[in-house]
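Structural overview for review
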Protein chains: 2
Amino acid sequence: MTQRGSSFPGPLSTVLPWPFSFQPRDFSLPNSSWGSDMRRLYEHYNSQCEVETDDGEKKSFSRRLVFTRNIREQGAAFEYVVFVNKQEQKCVCVFQAGHLLEGPPGHVHGGAISTMIDTVMGTHATYLSGPVMTANLNINYRSPIPLGSTVLLTCSLDKKEGRKTFVSCQVTNTYSSKLHTEATGLFLSITMGHLLGG
Amino acid sequence: MTQRGSSFPGPLSTVLPWPFSFQPRDFSLPNSSWGSDMRRLYEHYNSQCEVETDDGEKKSFSRRLVFTRNIREQGAAFEYVVFVNKQEQKCVCVFQAGHLLEGPPGHVHGGAISTMIDTVMGTHATYLSGPVMTANLNINYRSPIPLGSTVLLTCSLDKKEGRKTFVSCQVTNTYSSKLHTEATGLFLSITMGHLLGG
């Protein structure tokens, strides 16, 4: 069932070891904490995905995304799904911000927003360039995000230069009519040697 | 017992409602998860604090810091204490990064680092200018931070212009001999009207 041009190969699954079963759990599947905006956008992007993905499209971030998946209570913190559009080298994330991410009263903490931006831009850069590490984040907070609301993060490639991958990201409301945050990121390609060598 | 010039008025307490008691809990007190570096630095800065603080120095962030205090397991995520030096308009935070903050294997997630930077710079800007919101964060990641290690965040005021407070922050190892991350931040003074008006 390849639909509407199949720009999205499929949501990137976030598979973590799950203590109550021998099967890993995919945190990017809908759950009862999702509001109507989150469900609607998930369905919207999911319906544009190719159903027959090859294994290469489905990535496991069993270690990398622990920070954003460390609260087990559904809906309490980071609920999100990342979709990658190969053709346009674009990446879209649907993010519902739970009550534990509060910063200013009733709104999402700037650090929680930067965490999602880093996560999604880093995922996109990894998709484009292989393993990377964040070298720079420059984030402009334009309008606070109400706690509990769903927003869209849209990432695109700016340029690649050697080991450097430059991406940018906009955080908007679900209709893309209001800009909450915009950011640029520089990611450096790494090998395990970079990490082990310090 | 005012000591050595008393540059630090005292650690900023982080007081949250605690479900198991009618007394709020101060999360910035030493606990059994703290390693030797964390304890040593806490003692170092605490010994420079005035013991007789007036009530104005002890701030409650019962709502603002929920995001960094939302994991109840001691040592699993953000363990930190913020000290403000009034005379030098400087702020120091001792931060021990727990295993749930993992990003790259064995190292702290860039989003967790930016969260601490936003939190500490925001605390410092609030201390200098009253209630503020983050307008810009520009973060350069120089060297990854090993998971479980303790680092120092040192914030200073760059300038104030009307509603704008510009601060900068360096994240170093505990001996200040290795630079892990450096950042600048712009914070805007707000009233409740800014939040309610969107």
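Note that the structure is a prediction, hence the values are computed from the model and not measured.

**A short note on the UniProt feature "domain: Thioesterase" (unreviewed entry) in chain A**
Residues given the UniProt feature "domain: Thioesterase" (unreviewed entry) here are residues 106-173 of chain A. Taken end to end, residues 106-173 of chain A comprises 29% helix and 46% strand; its first and last C-alpha atoms sit 16 Å apart.

**Considering the packing of helix α2 (residues 110-129) of chain A against helix α2 (residues 110-129) of chain B**
In the contact formed by α2(A) and α2(B), the axes pass within 8 Å of each other and the chain directions differ by 155 degrees. Comparing the axis directions of α2(A) and α2(B) gives the class roughly antiparallel. Between α2(A) and α2(B) lies a crossing whose hand is right-handed. Every residue of α2(B) that contacts α2(A) at G110(A), G111(A), A112(A), S114(A), T115(A) and D118(A) is listed here: G110(B), G111(B), A112(B), S114(B), T115(B) and D118(B). Of the residues that constitute the contact of α2(A) with α2(B), the class distribution is 2 nonpolar, 8 polar and 2 charged.

**Details of the packing of aromatic side chains**
Any aromatic ring pair is given by two values, namely how distant the centres are and how the planes are angled relative to each other. Residues and elements named next belong to chain B. Tallied over the entire structure, the rule returns 8 aromatic pairs over all chains. With centroids separated by 6.0 Å and ring planes inclined at 20 degrees, the aromatic side chains of F78 and F95 adopt a geometry described as stacked. Placement of the pair is F78 in strand β4 (residues 78-85) and F95 in strand β5 (residues 90-97), with a sequence separation of 17 residues. The burial state of F78 is the same as that of F95; both residues are buried.

**Re the pairing of strand β4 (residues 78-85) of chain A**
Residues and elements named next belong to chain A. Of all the 8 residues making up β4, 8 are buried; the element is thus mostly covered by neighbouring parts of the structure. Of the two faces of β4, the one carrying F78, Y80, V82 and V84 and the one carrying E79, V81, F83 and N85 are both buried. Direction of pairing for β4 relative to strand β5 (residues 90-97): antiparallel, over a ladder of 8 bridges. Among the inter-strand pairings, V84 is bridged to a residue of β5, identified as C91. Hairpin connection of β4 to β5: 4 residues between the antiparallel strands, including Q89 at a positive phi of 50 degrees.

**Thoughts on the nonpolar core**
Judged by nonpolar contacts, the single largest core of 70 residues is most densely connected at F95(A), L153(A), F95(B) and L153(B). If we skip the residues at most four places from it in the chain, F95(B) touches M38(B), F78(B), E79(B), Y80(B), L101(B), M116(B), S149(B), T150(B), V151(B) and L153(B).

**A closer look at the relation of the copies chain B and chain A**
Turning chain B through 180 degrees and shifting it by 0.0 Å along the axis lays it on chain A, with an RMSD of 0.0 Å. When the rotation and shift are considered jointly, the pair of chain copies conforms to a two-fold rotation axis. When each C-alpha of chain B is compared by its distance to the rotation axis, N138(B) comes out closest, at 2.1 Å. Residue by residue, 100% of the interface of chain B is reproduced at the interface of chain A, so both copies engage with the same surface.

**So, the interface of chain B and chain A**
When the parts come together, some accessible area is lost, and that loss is often what is quoted as the size of the interface. Between chain B and chain A, the contact holds 34 residues from the first and 34 residues from the second. Summed over the shared surface of chain B and chain A, the result is 0 salt bridges. Where the side of chain B that touches chain A is concerned, the elements lending two or more residues are α2 and β6 (132-141) of chain B. A per-element tally of the side of chain B that touches chain A places β6(B) first, with 9 residues. Considered class by class, the residues forming the side of chain B that touches chain A number 16 nonpolar, 14 polar and 4 charged. Bridge analysis of strand β6 (residues 132-141) of chain A against β6(B) gives 5 bridges, and the strand direction is antiparallel. Bridge pairing links N140(A) to N136(B) in β6(B).

What counts, and at which threshold
Residues numbered from 1 in each chain as written. Chains lettered and ligands numbered in written order. Predicted model: local features only at pLDDT ≥ 70, side-chain atom pairs only at ≥ 80, totals over all residues. Heavy atoms only, no water. UniProt positions renumbered as here; feature names shortened; annotations may be inferred. Helix = DSSP H or I, 4+ residues; strand = E, 2+ residues; numbered from the N terminus. Axes fitted to C-alpha atoms, helices over the stretch in contact; angles between N-to-C directions. Parallel < 35°, antiparallel > 145°, perpendicular 65-115°, else oblique. Left-handed = near helix turned anticlockwise from the far one by under 90°. Contact = heavy atoms within 4.5 Å. Nonpolar A, V, L, I, M, F, W, Y, C, P; charged D, E, K, R; others polar. Phe/Tyr/Trp six-rings, centres within 6.5 Å; stacked < 30°, edge-to-face > 60°. Buried < 20%, exposed > 50% of the residue type's maximum accessible area, 1.4 Å probe, protein only. Pairing = 2+ DSSP bridges. Core = buried A, V, L, I, M, F, W, Y, C linked by side-chain atoms within 4.5 Å. Least-squares fit on C-alpha atoms with pLDDT ≥ 70 in both. Salt bridge = Lys/Arg side-chain N within 4 Å of Asp/Glu carboxyl O.

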